[in-house]
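Descriptive structure summary
What follows is the residue order along each chain.
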Amino acid sequence: MPLLAAEGLTRRFGALVANDSVDLTVMPGEIHALLGENGAGKSTLVKMLYGLLQPDAGIIRWKGDAVTLPTPKAARGLGIGMVFQHFSLFDALTVAENVALALDDARPLRAVSDELADISRAYGLPLEPRREVWRLSVGARQRIEIVRCLMQNPDLLILDEPTSVLTPQESEGLFATLRTLRAEGRAVLYISHKLEEVRGLCEAATILRQGRVVDRCDPRQQTAGSLARMMVGAHIAEVRRARAEARIGPVRLRVDHLSVPSEDPQGTALKDVTLEVGTGEILGIAGVAGNGQDELFAALSGEVRAPEAGNIVLEGTPIGWNGINARRRAAAAFVPEERLGHAAAPRLPLSENALMAGHAKGGFTRRGLIDRGRMLGWVDAVTHAFDVRKGPRDPEARALSGGNLQKFVVGREILGKPRLLVVAQPTWGVDAGAASLIRQALIDLAARGASVLVISQDLDELFEIADRMAVIFHGRLSPAYPAEDLTREAVGLLMGGEGFGPGREAA
Amino acid sequence: MRLTLDRRDGAGMAGLFLSPLLAVALTLASSIVVFWLLGQDPWRALNVYFLMPVSDFWGVQEVAVKATPLVLIAVGLALCFRSNNWNIGAEGQFLIGAICGGGIAVWTQGWGGPWVLPLMLVAGMAGGALYALIPAVLKTRLRVNEILVSLMLVYVAELLLDWLVRGPWRDPFGFNMPQTITFAPEATLPLLFDGGRMNLGTVITLVVVVVATVVMARTLKGFEIKLVGEAPRAARFAGFDDKKLTLTVFAVSGALAGLAGVMEAAGTVRQLLPGFSPGYGFTAIIVAFLGRLNPVGCLIAGVFIAITFIGGENAQIILRLPRDMTLVFQGMLLFYILACDTLILYRPRLVPRRAPA
């Protein structure tokens, strides 16, 4: 009998279906991998299994009985423990105090301390109960979290990307502990996208893509390549539009050895990024989130200036030092990733959101005064051309659904007839109808001779629309390859950093 | 248990107008209780506070005299607050404006001409603007909190005025009173009507209200102010420089507060003395919020608050109530408007504490 069986779990966030009828079976004494790209729905699934989120549909069976998990406490009560990627520890308290605080039943600190010492010996998790947490390494802190779970004597332990913070030696130690747990008949649900690790450790795997289970396998029988292919999609893109080599003309945008430090301390600096986009061409930039996409967009849009004017050249003119409005006047247009708050001001009406991006090129003012009539006319034109569905003529931006606001934001830029469009995540979290309309609009724009640069984490999208593709990883950009020469597997490996080599990157 | 606030849907426009009216009503209701506790007949007290000040033309002029600095300062503050810049030091900028303009009046005593008054107004605006730029520059360069700096500079300005009127600028024939000479006629604002105190300052203020309304509603600068306050990242995407805007709105609000200060000195008081402002710069914060950070709203709210000032003076004489009653009114009003804003826009909800994960 399975220890845990999820049947048809579904969870929606607005228009986005994060988990679509997901089935998952975990046997006792099994280390089960949950594989998928960022955004595939892994976190949503385990949060439902740990009582942090409630499913919209589907049931969870625990040892054969259907259960509901209203809180993590309920999950712990059944015997489900979870170690998160981000720790929740008090730095100023000792190891034993941190463990005692998290227990659901109150026990004297001395008893906790003794039990902690026993567990840490038995499972090879060296810890000193009286050490303060701030003195400990990241690996030791993770051991506290694991011991804390084991104190509850769980039958199932969920680990969310545990090795992303560990050194290889610490990882080996963790694997030994997990194998001990397995030998005792406990199960582990192991989330990762490090494929070699999964092949060495797990005997079952469930692969998620876009919220659905796309495959199940025994990872020991697979290669890293075949696992990558399952993660990013086994089938090669649908029928592509006919290639028209003649369509792609001379280079319009050239980014030349661009390095920019990140404004955000958690961000990724751009390192020596070089790319070219020809007229009539769509260049796709793939990559796992947080590898410098935000910084690249900011540098291209002019929200952050480049160190040298010549780092960015548009139609032969160096524009690296120009601000966003000077670039707009040079017929560039931009669609940022974040709809509400960046591409649009949530509490302002659509007409003022049209003014926001359009004021640089004039047209909305007459003798220094804003012309509301023209703004409304523009809203009507975008609404008509891009099928924006809304109630009143000029609602606040936040009143629109994600897909309709995205159509408005993309339409606002495309109707300005740009010769260069830089767009980040054009269809993130929008419904399928809006997504295909937006992709078609990008293809049509390129067909009219504009250059389009698409930054996206959605490989299906890039294979559908891009002429050439490059991958961004740790702030560096791979060379761009013609899309028809690329396989998902090759892109998947680039996204994981293979082929970038150690390079000049500082450790 | 923990208290959280959930945003209500579709309360935008209604709340905008409902909230100040509700706040005024709640303030009146509470003041009835306060009057009753003080042993006054509440209806008589309300009559003294709110109706007597506007019952004759002289009273109306007095209300205008009080409302003028409030409205002028509040319009400037509204621009600041709209763009998420918190200038709390308008009182200091008001005093510096009065000092700069008044200094010229003292200096030119006996040899001035018709050029003195315009020079005073310009000097007052420049002084207020420069004084307001201190917190703005510290904020944009060093990320120093502008609320604290602008507030503390109020005390610096107060003490500077105190020192000037007791020291270098003291009236030599003033029987040692801490005050300057009374300004010469060419250093004072002309009165609008005989037998009242309403002066040209009121007209200037009305012009400022009209200009500010057009700027906010119809120009790109007004849009920039709104957008920076609403969505700073979107403002950057629109190509607006939020640091430059911070300097601009602080300078404009400082200039308007300084103008209010010099007009108070040259129009109403006609000399400088300590305690020269009854806290106009602070009261204007209430006016700005009560007026929904909108120039015309500030005009209406400023008149209302001015009535309570005059009403408070009447109450001191007729009802023998302390002047502090006026401050109690104003405090209640600000409290209620913030509470109404919050409760109209958000729904409070108690949530049980979640067990640690």
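Just so it is clear, the structure is predicted and the values come from calculations on it, not from any experiment.

Basis of the calculations
Residues numbered from 1 in each chain as written. Chains lettered and ligands numbered in written order. Predicted model: local features only at pLDDT ≥ 70, side-chain atom pairs only at ≥ 80, totals over all residues. Contact = placed C-beta atoms within 7 Å. Helix = DSSP H or I, 4+ residues; strand = E, 2+ residues; numbered from the N terminus. Nonpolar A, V, L, I, M, F, W, Y, C, P; charged D, E, K, R; others polar. Axes fitted to C-alpha atoms, helices over the stretch in contact; angles between N-to-C directions. Parallel < 35°, antiparallel > 145°, perpendicular 65-115°, else oblique. Left-handed = near helix turned anticlockwise from the far one by under 90°. Expected span 1.5 Å × (residues − 1). Buried ≥ 20, exposed ≤ 12 C-beta atoms within 10 Å, placed from the backbone. Arc of directions from axis to C-beta. Domains from an automatic or database assignment. Pairing = 2+ DSSP bridges.

1. A look at the interface of chain B and chain A
- Taken together, the contacts link 17 residues of chain B with 28 residues of chain A.
- At the level of secondary structure, the elements contributing two or more residues to the side of chain B that touches chain A comprise helix H8 (220–230) and helix H9 (232–237) of chain B.
- Each residue belonging to the side of chain B that touches chain A can be placed in one class, and the counts come to ten nonpolar, two polar and five charged.

2. Focus on the packing of helix H3 (residues 95–102) of chain A against helix H5 (residues 138–150) of chain A
Residue and element names in this part refer to chain A.
- Running from amino to carboxyl end, H3 crosses H5 at an angle of 40°, the nearest separation of the two axes being 10 Å. Relative to H5, H3 is oriented oblique. Remark: the crossing between H3 and H5 carries right-handed chirality. Between H3 and H5, the contacting residues are Val-95, Asn-98, Val-99 and Ala-102 on the first element and Ile-144, Val-147 and Arg-148 on the second.
- For the contact of H3 with H5, the residue count by class is five nonpolar, one polar and one charged.

3. Comments concerning the packing of helix H3 (residues 57–82) of chain B against helix H11 (residues 280–290) of chain B
Residues and elements named next belong to chain B.
- Their axes nearest at 8 Å, the elements H3 and H11 cross at an angle of 60°. Classed by the angle they form, the pair H3 and H11 counts as oblique. Helix-helix and strand crossings are classified by hand; for H3 and H11 the assignment is right-handed. In this structure, H3 contributes Pro-69, Leu-70, Val-71, Ile-73, Ala-74, Leu-77, Ala-78 and Phe-81 to the contact, and H11 contributes Tyr-280, Gly-281, Thr-283, Ala-284, Ile-285, Val-287 and Ala-288.

4. Brief notes about helix H6 (residues 146–166) of chain B
Residue and element names in this part refer to chain B.
- Given a rise of 1.5 Å per residue, 21 residues ought to cover 30 Å, and the 30 Å separating the end C-alpha atoms of H6 matches this to within 8%.
- For H6, the set of buried residues is Glu-146, Ser-150, Leu-153, Val-154, Ala-157, Leu-161 and Val-165. Seen along its axis, H6 keeps its buried residues to an arc of 125°; they face one direction. For H6, exposure combined with an orientation more than 90 degrees from the buried face picks out Tyr-155 and Leu-159.
- Tucked inside the fold, the buried residues of H6 contact helix H4 (90–107) and helix H5 (116–142).

5. A short note on the domain arrangement of chain A
Residues and elements named next belong to chain A.
- Looking at chain A, the domain boundaries give domain 1 (4–232) and domain 2 (239–331 + 420–426 + 451–507).
- Put simply, the middle of domain 1 and the middle of domain 2, counted by C-alpha atoms, are 36 Å apart.
- If you look at the interface, domain 1 gives seven residues, while domain 2 gives nine residues.
- Classifying every residue of the side of domain 1 that touches domain 2 gives three nonpolar, three polar and one charged.

6. A short note on the sheet that holds strand S1 (residues 4–13) of chain A
All names here are of chain A.
- A sheet is described by the order of its strands in space; here four strands give the open sequence S2-S1-S4-S5, paired in antiparallel fashion. Each edge of the open sheet carries a strand with a single partner, namely strand S2 (16–26) and strand S5 (65–67). On average, each strand axis in the sheet is tilted by 30° relative to the strand beside it, whichever way the strands run.
- The pairing of strand S4 (residues 57–62) with S5 spans three bridges and is antiparallel. By the bridge assignment, Arg-61 is partnered in S5 with Ala-66.

7. What about the sheet that holds strand S12 (residues 270–278) of chain A?
Residue and element names in this part refer to chain A.
- Strand order in the open sheet formed by four strands is S12-S11-S14-S15, and the pairing between neighbours is antiparallel. The open sheet has two edge strands, S12 and strand S15 (317–318), and neither has a second partner.
- Relative to S15, strand S14 (residues 312–314) runs antiparallel, the two being bridged by two bridges. In the strand pairing of S15, Leu-314 is matched with Thr-317.
- Running at roughly 60° to S12, helix H9 (residues 293–301) makes contact with strand S11 (251–260), S12 and S14 of the sheet.

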